[in-house]
Amino acid sequence: MTDTNYYRNQLKTEMGNAALNESMSCILLFDKKQQDYGSKNIASTEDKDINMLGVAIRLNDKIQRMMNLLTKRIKGKGEPNNESIKDNARDIHNYGTILALLEQDQWK
C-alpha cells in the first residue's frame, strides 16, 4: 500500500495537486458510504460483469442528472436545493473507482 504523500511528491502542477485534493474529498465520501452501506449493495452477485453493468447503469444515471443540472443552469433555471453539480461529480468519480476496483478483482 502506497502512502498518499508518495503521490503528492510526484505531482508537478498546481492542477495536479488540486485534482489530488478533490480526489481525496471523493475518497472520504466513498469511505463514509462504505461504512454505511458496505459493498454488497453494489456487488450483489458473484458475476463480476453483471456487477460492473449495474455500476455502469448507476453511473449513467448520474451522468444524466449532471446533464439535466447543467442544462437548467445554462437556461438560467438555477439548481435544485438538494442536489449539486459538485455532489454529482463526486458520485461519478466514485462510481468510476468502483468500476476499476471491480475490474481488478479488488472489490470486497
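Fair warning: this is a prediction, and the values are worked out from it, not measured in the lab.

A. Summary view of the overall build of the chain. When its secondary structure is counted, the chain shows four helices and zero strands. Listing each helix as α and each strand as β along the chain from the N terminus yields α-α-α-α. If you line up the chain on its principal axes, its C-alpha atoms span 45 × 40 × 25 Å. Scored against the burial criterion, the 108 residues of the chain give a buried share of 23%.

B. Representation of the pattern of salt bridges in the model. One pass over the full model with this rule turns up five salt bridges. The salt bridge partner of K48 is D105, with a shortest N-O separation of 3.4 Å. Placement of the pair is K48 in helix α3 (residues 48-74) and D105 in the segment after α4 (85-103), with a sequence separation of 57 residues. Using a relative accessible area of 26% as the deciding quantity, one classes K48 as partly exposed. Three or more residues joined by partner-sharing salt bridges are found here, namely K33, K62 and D91.

C. Spotlight on the side chain of N88. Along the chain, the position of N88 falls in helix α4. Here E83 takes part through its side chain, which lies 3.0 Å from a polar atom of the side chain of N88. Residue contacts for N88: discarding those within four places in its chain leaves K62, R65, M66, L69 and E83.

D. Broad picture of the confidence of the model for the chain. When pLDDT is averaged along the chain, the result is 92; 98% of the residues meet or exceed 70. At the level of individual helices and strands, the chain shows its lowest average pLDDT in helix α1 (residues 4-10), which scores 81, and its highest in α4, which scores 96.

E. Structural view of the packing of helix α2 (residues 14-37) against α4. α4 packs onto α2 with a crossing angle of 70° between their chain directions and a minimal axis gap of 9 Å. Classified by the angle between their axes, α2 and α4 sit roughly perpendicular to one another. Contacts between α2 and α4 involve E22, S23, S25, C26, I27, L29, F30 and K33 from the first element and R90, D91, H93, N94, I98 and L101 from the second. Across the contact of α2 with α4, the residue classes break down as six nonpolar, four polar and four charged.

F. Representation of α3 in the model. The terminal C-alpha atoms of α3 lie 38 Å apart, and with 27 residues this matches the ideal 39 Å at 1.5 Å per residue to within 8%. The elements touched by buried residues of α3 are α4.

What counts as what
Residues numbered from 1 in each chain as written. Predicted model: local features only at pLDDT ≥ 70, side-chain atom pairs only at ≥ 80, totals over all residues. Heavy atoms only, no water. Helix = DSSP H or I, 4+ residues; strand = E, 2+ residues; numbered from the N terminus. Buried < 20%, exposed > 50% of the residue type's maximum accessible area, 1.4 Å probe, protein only. Salt bridge = Lys/Arg side-chain N within 4 Å of Asp/Glu carboxyl O. Polar contact = N/O pair within 3.5 Å; in protein donor to acceptor, adjacent residues only side chain to side chain. Contact = heavy atoms within 4.5 Å. pLDDT = per-residue confidence, 0-100. Axes fitted to C-alpha atoms, helices over the stretch in contact; angles between N-to-C directions. Parallel < 35°, antiparallel > 145°, perpendicular 65-115°, else oblique. Nonpolar A, V, L, I, M, F, W, Y, C, P; charged D, E, K, R; others polar. Expected span 1.5 Å × (residues − 1).

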